[in-house]
Structure formats: C-alpha cells, structure tokens
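Commentary on secondary and tertiary structure
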Amino acid sequence: MPEAARYRKVDLHTHSTCSDGHFSPAELVDLAVEQSVSLFALTDHDTLDGLPEARLRAAEHGLSFINGVELSTQWNGIPLHMVALNFSADNPALLSIVEGNQAIRLDRARRIADLLVKQGLPDLFDEAVALAGNSQLGRPHFASLLVEKCFVKDANKAFDRYLGNKKLGQLRDVWPELEQVLSALADEDMALVLAHPKRYPLTVTKLKRLLSDFKKWGGTGIEIVSGNERPDSVRLLERLTREFDLKASVGSDYHGPFGPWMQVGKFTQIHEGEVDLVWQTWSSI
Ligand code: AMP
Ligand code: MN
Ligand code: MN
Ligand code: MN
C-alpha cells in the first residue's frame, strides 16, 4: 500500500445546511482545512445540492474533494443509511434515487406530523417545512420544533419520546429497498458504503446477514468508524470488512458543534494496514 494512501487524514461522512448540518458547505470545507483533513467528502442526506459550493471552496484550498451523499434505504424493514462516494453529480440513476427520496421525505413528514397530533401535540407540518427551507426535511426539524416549543428538553429527548424508529413504528417501509438502490448504482467508480453499521438494531449474526446481502448486491465497503466509535467496535468491523471481502471507509458524521467529541476529521483511529480502503483506488485524488 502506498504510504500516501495510508497516512492521509480522511473524512468521508459530513453534513451541511443542505440537510441537517449546522454549517454551510463552504464553512464545512474551511473547518476541514483547519483540522488538516486532506481528503474530504460532503455526504448530506438525500441531496447533492451542497456539492458544487463545497467543491469550489475545496479547490480554493487545494483540498481533495469527493462527491458524496447519504442515502436513506431499508433492509428487512430496518431503515439503513448508505453513503455513496466518488460519483459524477449528473449520474442519472443516482439523481433518480435522490429525487425519489426527497418526495418520500415530504410525504413522511406529513405522516410524522399526523402521528404527533395523535399524541396530543400541535400540527407541526407547516412549521417543519418552513424551518427546513431549502434543506432536506427530516426528523431533526421536528426535534428542533419540539425543543423550541418546550415539549422536550433537547433533541435527544425528542427522538427518545417521539421520533425514534421504535416510536414511529407505523412509518415502516417508507424508504427504497437496499437491494434496489445497490443494484441501480453499482458501477466501478462509485463506492457504496454501509454507514455506521453499529447504529442499527442488529445482532452480530444479523449484521453478517446484512453484509452478505450488501456484498452480493454490489456494495463496496463498510464505514468502520463513524465519529466516536469504541475501539472494540472498530476491531469487529475491521474483521467483518475482511471476512466479507469489502473495503473500509471512515468518517466523522459531523453535523455541527454539538457535544464534546465531534469535529470534522476527528474519530477513533483505525488500523489502516489491515484492511483495504475505499479511497485507495480513486484516480482523482
Ligand atoms: P431523518 O433523516 O429524517 O430520518 O433523520 C435522521 C437524522 O436525525 C440523523 O441523521 C441524525 O442526524 C438525527 N438523529 C437521529 N437520532 C438522533 C438523536 N437521538 N438525537 C438527535 N438527533 C438524532
Ligand atoms: Mn443527520
Ligand atoms: Mn446516518
Ligand atoms: Mn450522516
């Protein structure tokens, strides 16, 4: 493995104001440069809107920039996030999935608002749409409104009490199937990465079943570290990366300056020499 590929500071999972992040794409790139990141991807939820601005600012700094997006999908009824990386922003299959997911987001928000009304809360749909503006409408907007209106103390509580996957049980099966998304996108250049595998309600046995499907349907890699990952989780995911003949990706999943740990480019160290890395074969960097 070339030394340059091994020891770069890489962050391939971040969010801007185009989805539910705190900083604009350009501000995020500035932060990445401040943190000495040398390979950076913007991966907003279900939108490519921030990519041109981020790419332009990255070019001004001489920072290697990779197009990215975090797609909402599902597998066996479980919502899963998949980070697509290193694609051309006019890829028709990708644009079609992104557009489909944006329509789902609007429809899902209506249904979330209705479920909250059933629990005695006011109808927050219009305010959520207004709050989201041009960014991708999602549960964080409902969480902000619930905090602002003092129904809960913070966003975490809003997810615990109202917005978590368990609480929104009736909203199963909204996202496109993982198989459909992977088979539509699989090509040689684009990397398809299972985001934060430890954040799903899966036993190791089930996670292995997922990884087997993921590989079979054209997936490229696993995010073996996503922000503040426990070292034993990283070890497990490194093992699974090798076992399923996948590649490793890394990212902070940075959304903004909340909490003590999170920073662009900052996450638990991985053992780079022991796994193949998604970015190793990219010719553009
Ligand atoms: P959505 O894309 O609408 O399904 O919303 C998912 C987003 O909500 C995630 O990407 C996180 O940014 C955020 N989120 C998920 N769980 C929590 C939580 N417990 N507290 C705060 N934000 C959360
Ligand atoms: Mn998010
Ligand atoms: Mn995610
Ligand atoms: Mn994310």
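Now for a quick tour of the structure. (Residues numbered from 1 in each chain as written. Chains lettered and ligands numbered in written order. Predicted model: local features only at pLDDT ≥ 70, side-chain atom pairs only at ≥ 80, totals over all residues. Heavy atoms only, no water.)

**Describing helix α6 (residues 139-148)**
An α-helix turns once every 3.6 residues. As a result, residues three or four positions apart point the same way. Buried within α6 we find Arg139, His141, Phe142, Ala143, Leu145 and Leu146. Contact partners of the buried residues in α6: α4 (92-118), α5 (125-132) and α7 (155-163). Taken from the residues just after α6, Cys150 is the one with a positive phi, measuring 65°. (Buried < 20%, exposed > 50% of the residue type's maximum accessible area, 1.4 Å probe, protein only. Helix = DSSP H or I, 4+ residues; strand = E, 2+ residues; numbered from the N terminus. Contact = heavy atoms within 4.5 Å.)

**Structural notes on unusual backbone geometry**
Positioned with a positive phi, Asp46 is a non-glycine residue whose angle comes to about 55°. Relative accessible area serves as the criterion here: at 0%, Asp46 is assigned to the buried category. The backbone of Asp253 sits at a positive phi, close to 55°, despite the residue not being glycine. With respect to the element layout, Asp253 can be found in the segment after β7 (247-251).

**A few points about the coordination of the manganese ion (ligand 3)**
At the metal site, the manganese ion (ligand 3) is ligated by Glu70 (OE), His81 (ND1) and His196 (NE2), and these contacts range over 2.1 to 2.2 Å. Spacing between the donor residues of the manganese ion (ligand 3) along their common chain follows E-x10-H-x114-H. (Donors = N, O, S within 2.8 Å, 3.2 Å for Na, K, Ca; no water.)

**Considerations on the site of ligand 1**
Taken together, the residues surrounding ligand 1 are Asp20, His45, Arg105, Arg108, Gly138, Arg139, Pro140, Asn156, Phe159 and His255. Within the side chain of Asp20, a nitrogen or oxygen atom sits 2.9 Å from an oxygen atom of ligand 1. Side-chain polar atom of His45 to an oxygen atom of ligand 1: 2.9 Å apart, as the coordinates give it. For ligand 1, whose unbound accessible area comes to 500 Å², protein coverage reaches 73%. (Near = heavy atom within 4 Å. Polar contact = N/O pair within 3.5 Å; in protein donor to acceptor, adjacent residues only side chain to side chain. Areas by Shrake-Rupley, 256 points an atom, 1.4 Å probe, with all protein chains shown as cover.)

**So, the side chain of His45**
As for its placement among the helices and strands, His45 is situated in the loop between β2 (39-42) and α3 (51-61). For His45, a relative accessible area of 9% gives the class buried. Side chain to side chain, His45 and Asp20 meet in a polar contact 3.3 Å long. In this structure His45 touches His15, Ser19, Asp20, Glu70, His81, Arg105, Gln136 and His255, once residues within four positions along its chain are discounted.

**Some thoughts on the coordination of the manganese ion (ligand 2)**
At 2.1 to 2.2 Å from the manganese ion (ligand 2) lie its protein donor atoms, namely Asp20 (OD), His45 (NE2) and His255 (NE2). In terms of primary sequence, the donors binding the manganese ion (ligand 2) are separated according to D-x24-H-x209-H. Separation of the manganese ion (ligand 2) from the manganese ion (ligand 3) amounts to 5.6 Å. Here His45, found in the loop between β2 and α3, pairs with His255, found in the segment after β7; they are 210 residues apart in sequence, far enough to count as distant.

**With respect to the side chain of Thr47**
With respect to the helices, strands and loops of the structure, Thr47 is situated in the loop between β2 and α3. What makes Thr47 buried here is its relative accessible area of 2%. Here Asp49 takes part through its backbone nitrogen, which lies 3.0 Å from a polar atom of the side chain of Thr47. If sequence neighbours within four positions are ignored, Thr47 has contacts with Cys18, Val69, Val98, Gln102 and Gln136.

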